[in-house]
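Summary of structural features
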Amino acid sequence: SAVISQKPSRDICQRGTSLTIQCQVDSQVTMMFWYRQQPGQSLTLIATANQGSEATYESGFVIDKFPISRPNLTFSTLTVSNMSPEDSSIYLCSTGSGSYNEQFFGPGTRLTVL
Amino acid sequence: AQSVTQPDIHITVSEGASLELRCNYSYGATPYLFWYVQSPGQGLQLLLKYFSGDTLVQGIKGFEAEFKRSQSSFNLRKPSVHWSDAAEYFCAVGPNRAPRGNLIFGKGTKLSVKP
C-alpha cells in the first residue's frame, strides 16, 4: 500500500489569506485525489489531479478557489485561496494506487479559518 | 444517482458485544465496495474491500463484511468489540473498471464503546 504524508498537519489562518497543502506519496502514482471533510461530515471530492494535465474539479469547486499542482508522479499541492471560516475543514489527499481502485489516504490537514 | 447510505449516525455498544454497521449503496454498475475507519484526529485507514467472488470478506482488526447484491448492502461486522474500535466508520463505493475514479462515501457511523 502507498504511504502518504501531508504538510502541514494543521493550521490556523486568518480570513482572506491562502494556504498551500502538500501531499507526498512514497511511490509513483497516476491519479491523486483531494477531498474535503467538513466538521461532522463525510468526505467530498474536490478534484482529481493527474500528472501532466489540468486537474478535474467536481461540481461546486473551482480552480480559482482551489488551485492544484501535480509536478510529478509522487507529489501534489492544493491551495485554499482567499479563505473564509466556511473553509474550515480537514483536507485529505489520496491515491488510487491499489490494484482494485482501493485508495490510501494521507493523515489530513486540519484547517481552521478565523 | 450514485450514493451510499449509512442509516446509523451514532452507535454505542458495550465492550465485548457484537457489532453490525449498515451500508446501502446505489450504483449504476457492479461496484467495488470499501469500509474505512477514521480514529479521532487521524486520516482514513482501509479496513476491507470487496471486488468479486466470495461475498464475505475479511479485513483487518477482526472485521468482516458481507456483500448482498439483492439488498444493495455491504454491512460491516465484528463479533466482539474492543474499546480501541471507537472511531468513525465510512462505507464507500467506486468504479470497477478503468479509468479508476474517485470513491463515493457515506456520511459515516460514529461508534462509541462502553466499558
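Residues numbered from 1 in each chain as written. Chains lettered and ligands numbered in written order. Predicted model: local features only at pLDDT ≥ 70, side-chain atom pairs only at ≥ 80, totals over all residues. Heavy atoms only, no water.

Moving on, we get to the overall build of chain A. Regarding its fold elements, chain A presents zero helices and 11 strands. The C-alpha atoms of chain A give a radius of gyration of 13 Å, which matches the 13 Å a tight globule of 114 residues would have. Taking all 114 residues of chain A together, 51% fall into the buried category. For chain A, the share of sequence-separated contacts (at least 6 apart) that also reach a separation of at least 24 residues comes to 52%. Taken as a whole, chain A presents about 5,300 Å² of accessible surface, with 48% of it coming from carbon and sulfur. Each charge class in chain A was averaged separately, 7 positive and 8 negative side chains, and the resulting centres sit 8 Å apart. (Helix = DSSP H or I, 4+ residues; strand = E, 2+ residues; numbered from the N terminus. Rg over C-alpha atoms; globule rule 2.2 N^0.38 Å. Buried < 20%, exposed > 50% of the residue type's maximum accessible area, 1.4 Å probe, protein only. Contact = heavy atoms within 4.5 Å. Areas by Shrake-Rupley, 256 points an atom, 1.4 Å probe, with all protein chains shown as cover. Lys, Arg positive; Asp, Glu negative; His and termini not counted. Charge placed at Lys NZ, Arg CZ, Asp CG, Glu CD.)

Before going further, it helps to spend a moment on the overall build of chain B. Across its full length, chain B carries zero helices and 12 strands. The globule rule puts the C-alpha radius of gyration for 115 residues at 13 Å, and the 14 Å found for chain B is close to it. Principal-axis analysis of the C-alpha atoms places the extent of chain B at approximately 45 × 30 × 20 Å. Within chain B, contacts between residues separated by at least 24 positions form 54% of all contacts whose residues are at least 6 apart in sequence. Accessible area for chain B stands at about 5,600 Å²; split by element, carbon and sulfur atoms hold 48% of it. The positive charge centre, built from 12 side chains, and the negative charge centre, built from 8, are 7 Å apart in chain B.

Here the focus is the packing of aromatic side chains. Residue and element names in this part refer to chain B. What the rule picks out here adds up to 14 aromatic pairs over all chains. Here F34 and F51 contribute two aromatic rings whose centre-to-centre distance is 6.1 Å and whose plane-to-plane angle is 75 degrees, an arrangement assigned as edge-to-face. Of this pair, F34 sits in strand β5 (residues 32-38) while F51 sits in the loop between β6 (44-50) and β7 (56-58), and the two are 17 residues apart along the sequence. On the basis of relative accessible area, F34 is assigned to the buried category, the value being 0%. On the basis of relative accessibility, which here comes to 15%, the residue F51 falls in the buried class. (Phe/Tyr/Trp six-rings, centres within 6.5 Å; stacked < 30°, edge-to-face > 60°.)

This part covers the pairing of strand β8 (residues 64-68) of chain B. All names here are of chain B. Both β7 and β8 contribute to a ladder of three bridges, which runs antiparallel. Within the sheet, the bridge partner assigned to V57 lies in β8 and is A65. In this structure, the hairpin formed by β7 and β8 is closed by a connection of five residues, where K61 is found at a positive phi of approximately 60 degrees. Examined bridge by bridge, β8 and strand β9 (residues 73-78) share five bridges and lie antiparallel to one another. Directly across from E64, in β9, lies its bridge partner R77. (Pairing = 2+ DSSP bridges.)

This paragraph deals with the interface of chain A and chain B. Each partner contributes residues to the interface: chain A has 19 residues there, and chain B has 21 residues. There are zero salt bridges connecting chain A and chain B. In this structure, the connection of chain A to chain B is made through five residue pairs in polar contact (both at pLDDT 80 or more). Top element by residues in the side of chain A that touches chain B is strand β4 (residues 31-37) of chain A. It accounts for four residues. Of the residues that constitute the side of chain A that touches chain B, the class distribution is 10 nonpolar, seven polar and two charged. (Salt bridge = Lys/Arg side-chain N within 4 Å of Asp/Glu carboxyl O. Polar contact = N/O pair within 3.5 Å; in protein donor to acceptor, adjacent residues only side chain to side chain. Nonpolar A, V, L, I, M, F, W, Y, C, P; charged D, E, K, R; others polar.)

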